[in-house]
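What follows is the residue order along each chain.
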Amino acid sequence: MKNVSTIQESLQSFTMPDVQQIDAASTLAVYHALQPILPQAVMPQTQKADKLSDILDQFDALILDGFGVINIGPEKIEGIDELLSAALERGIIIVVLTNAASHPSSQAAAKYKGWNLPIDGANVVSSRDVIEVILKDTPPPQPVMALGHNVTPFGYEGELVATDDYDAAESFVLLGTSEWDEEDQQRLEAALSKRMRPLYVANPDVSAPQPGQFSPEAGYYAARAMQATGVEPIWGGKPHSTAFTAALCKVDTLAGYSVDRSRIAMVGDSLHTDILGGIGAGICSVLVTSFGLLRDSDAEAECARLGIMPHWMVRAL
């Protein structure tokens, strides 16, 4: 983790939005407060196109975000079928890089197959995959507590779950926050305040776009825990480098060679996770503005205000 003193200063001077007030503006505000731990990158000059399909010849591989590019909540986004068909006709490699972490990535792949999309397990990298690699490379203190309701535990011997005694855990892994409530959050913060232990966060997203609203995600609750306790999480998903390293390795594996990084695009709806993460990883970035986080905002104005500029800005797929 870089610049810890600066992130704590940033968070201590920030008023965290109430969970009931999570919208695009508050989501961007939380990301801005977290800026000291996000990738630092030189911004490119932005080009514009109406649709991503109009600029496919620019790329040999697309790394697609899930929520905000493929789907909004339980529904496919208009144009995703046609985009994937056109990309595959051109021989463009497709990888999905999702911050979904509650369940193994095979479940996300099954969802895409259920929508008749040409995406299977070989095409999907999830932040859960990334956090599992981190935990394997640097084994966490045992026992581990997998945090979240309706999440798939890792299968460690003696693994704890969110309904167990937090004081019995030696490390925490925040997997998902569906049905996470204030009591859960207070238990986590109280445990960390009483005795600091490693907190791994598999989903850095502050919110996710849903039909008509935004759901608070693990990144929001992790930021609250950071502010309340001073904990320094170990992150597993976008925009952090471990996630992009895994996605680029997947691209090269599918291609059978090392693909020119300037010909790979990270396509997403979030400036701080998809776009900043992609630029930090040395690849092209494409911001989709009509469906996800910025769907009701002036995307160009927000890019200028926040100082995060994609290589390409497109309205739709």
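All values derive from a computational prediction rather than experimental measurement. (Residues numbered from 1 in each chain as written. Predicted model: local features only at pLDDT ≥ 70, side-chain atom pairs only at ≥ 80, totals over all residues. Heavy atoms only, no water.)

Visitor: How do you make sense of the overall build of the chain when you look at a structure like this?
Guide: If you tally the helices and strands in the chain, you get 10 helices and 16 strands. What you see for the chain is a C-alpha radius of gyration of 19 Å, in line with the 20 Å of a compact globule of 317 residues. Referenced to the eigenvectors of the C-alpha coordinate spread, the extents of the chain come out at roughly 55 × 40 × 35 Å. Among the 317 residues that make up the chain, the fraction classed as buried is 56%. (Helix = DSSP H or I, 4+ residues; strand = E, 2+ residues; numbered from the N terminus. Rg over C-alpha atoms; globule rule 2.2 N^0.38 Å. Buried < 20%, exposed > 50% of the residue type's maximum accessible area, 1.4 Å probe, protein only.)

Visitor: Help me out: how do you make sense of the nonpolar core in this one?
Guide: The tendency in soluble globular proteins is for nonpolar side chains to be buried as a group. If you look at the biggest cluster of nonpolar residues, it comprises 51 residues, and the most contacted ones within it are Leu 34, Leu 147, Tyr 166, Phe 172, Met 226 and Leu 271. The element contributing the most residues to this core is helix H7 (residues 218-229), with 7 residues. Once you skip the residues sitting within four places of it in the chain, Met 226 turns out to touch Ile 7, Gln 8, Leu 11, Leu 34, Ile 37, Val 231, Pro 233 and Trp 235. One finds Ile 55, Leu 64, Trp 115 and Leu 317 within the second-largest nonpolar core, a separate group that totals 36 residues. (Core = buried A, V, L, I, M, F, W, Y, C linked by side-chain atoms within 4.5 Å. Contact = heavy atoms within 4.5 Å.)

Visitor: Teacher, can you tell me more about unusual backbone geometry here?
Guide: For residues other than glycine, phi is negative in most cases, and the peptide bonds are mostly trans. A cis amide bond links Gln 142 with the next residue in sequence, Pro 143, at an omega value of 0 degrees. The phi dihedral of Asn 150 falls on the positive side, at around 55 degrees, and the residue is not glycine. Among the residues examined, Asn 150 registers a relative accessible area of 52% and is labelled exposed. For Glu 179, which is not glycine, the phi dihedral falls at a positive 70 degrees. With respect to the secondary-structure elements, Glu 179 resides in the loop between strand E9 (171-174) and helix H6 (182-194). Look at Glu 179 and you get exposed, because its relative accessible area is 57%.

Visitor: Help me out: how do you make sense of the sheet that holds strand E14 (residues 264-268) in this one?
Guide: Hydrogen bonds along the backbone pair up the strands of a sheet, which may run parallel or antiparallel. Taken in spatial order, the 7 strands of this open sheet run E1-E16-E15-E14-E2-E5-E6, and their pairing is parallel. The open sheet has two edge strands, strand E1 (47-51) and strand E6 (124-126), and neither has a second partner. Across the sheet, the mean angle from the axis of one strand to that of its neighbour is 25 degrees, orientation sign disregarded. Alignment of strand E2 (residues 61-64) against E14, held across 4 bridges, turns out to be parallel. Bridge pairing links Leu 64 to Val 267 in E14. Helix-sheet contacts for helix H5 (residues 127-137) involve strand E5 (93-98) and E6, and the interaxial angle to E6 is about 60 degrees. (Pairing = 2+ DSSP bridges. Axes fitted to C-alpha atoms, helices over the stretch in contact; angles between N-to-C directions.)

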